[in-house]
Amino acid sequence: QVQLVESGGGLVQPGGCLRLSCAASGGLVRINAMGWYRQAPGNQRGLVTTISRGGSKKYADSVKGRFTISRDNAKNTEYLQMNSLKPEDTAVYYCNAKVVVAAWESERAYWGQGTQVFVSS
């Protein structure tokens, strides 16, 4: 069974940096697109950034120029480098991956368990 395990959240001061990681494990053939979403208290979960298997990236306007997504296909892992963090970046961050578990099946979406990022002085 495919699992996504996140790490790297925590408390940081405004202007600081954090790096999140998300490693996929279990029976899988290929990971297509990967991404990061976040959910602040009282809000719906929203898209932060995505990266295709080939490395094409998209970002929400609110994080452009501050966040960078990357991936290592050999390790089935994605990363989110977050710089110049602001209090409004405070949220639970979830990784997402579109995974093919068998050659004859379509991709399925899997989610990590979420990691808390808290930006405060």
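Residues numbered from 1 in each chain as written. Predicted model: local features only at pLDDT ≥ 70, side-chain atom pairs only at ≥ 80, totals over all residues. Heavy atoms only, no water.

Taking strand neighbours across the sheet as the criterion, the four strands line up as E1-E3-E8-E7 in an open arrangement whose pairing is antiparallel. Among the strands making up the open sheet, the edge pair consists of strand E1 (3-7) and strand E7 (67-72). The mean inter-strand angle of the sheet, taken between neighbouring strand axes irrespective of direction, is 15 degrees. In this structure, E1 lies alongside strand E3 (residues 18-25), joined through five bridges in antiparallel fashion. Looking across to E3, one finds that valine 5 is bridged to alanine 23. (Pairing = 2+ DSSP bridges. Helix = DSSP H or I, 4+ residues; strand = E, 2+ residues; numbered from the N terminus. Axes fitted to C-alpha atoms, helices over the stretch in contact; angles between N-to-C directions.)

Burial along strand E11 (residues 115-119) is one-sided: Thr115, Val117 and Val119 are buried, while Gln116 and Phe118, pointing the other way, are not. Here strand E2 (residues 10-12) pairs with E11 via three bridges, running parallel. Residue pairing across strands places valine 12 opposite valine 119, the latter belonging to E11. Bridge count between strand E9 (residues 91-100) and E11: three bridges; the pairing is antiparallel. Counted as the bridge partner of tyrosine 93 is threonine 115 from E11. (Buried < 20%, exposed > 50% of the residue type's maximum accessible area, 1.4 Å probe, protein only.)

Here the focus is the side chain of serine 21. Secondary-structure assignment places serine 21 in strand E3. Residue serine 21 is classed as buried on the basis of its relative accessible area, which comes to 18%. If near-sequence neighbours (up to four positions away) are discounted, serine 21 is found in contact with Val5, Glu6, Ser7, Trp36, Glu78 and Tyr79. (Contact = heavy atoms within 4.5 Å.)

Core analysis: the largest hydrophobic core is formed by 27 residues, its most contacted members being Trp36, Phe67, Met82 and Tyr93. Looking at this core, the elements with two or more residues in it are E3, strand E4 (30-39), strand E5 (46-51), E7, strand E8 (77-82), E9 and E11. Dropping the residues within four chain positions of it, phenylalanine 67 is found in contact with Arg38, Val48, Tyr59, Leu80, Gln81, Met82, Asn83, Leu85, Asp89 and Tyr93. (Core = buried A, V, L, I, M, F, W, Y, C linked by side-chain atoms within 4.5 Å.)

Our next topic: the state of the cysteines. By definition, a disulfide links the sulfur atoms of two cysteines through a covalent bond. A complete count under the given rule lists one disulfide for this structure. Through a disulfide, cysteine 22 is tied to cysteine 95; the S-S separation comes to 2.1 Å. Every disulfide takes its handedness from the sign of the S-S torsion; for cysteine 22 and cysteine 95 that torsion is 55 degrees, giving right-handed. Placement of cysteine 22 in strand E3 and of cysteine 95 in strand E9 is noted, with a sequence separation of 73 residues between them. Residue classification places cysteine 22 among the buried residues on the basis of a relative accessible area of 0%. (Disulfide = S-S within 2.5 Å.)

Okay, the packing of aromatic side chains next. Per the stated rule, a full pass over the model turns up one aromatic pair. Lying over the aromatic face of tyrosine 79, arginine 19 brings its terminal NZ or CZ to 4.2 Å of the ring centre. (Phe/Tyr/Trp six-rings, centres within 6.5 Å; stacked < 30°, edge-to-face > 60°. Lys NZ or Arg CZ within 6 Å of the ring centre and 35° of its normal.)

All right, on to the environment of methionine 34 then. Position of methionine 34 relative to the elements: it lies in strand E4. When the C-alpha atoms of methionine 34 and isoleucine 51 are compared, they prove to be 5.4 Å apart, with 17 residues separating the residues in sequence. Apart from residues lying up to four places away in sequence, methionine 34 is in contact with Thr49, Thr50, Ile51, Ile69, Arg71, Thr77, Glu78, Asn96 and Ala97.

No statement about biological role is implied by the geometric values presented.
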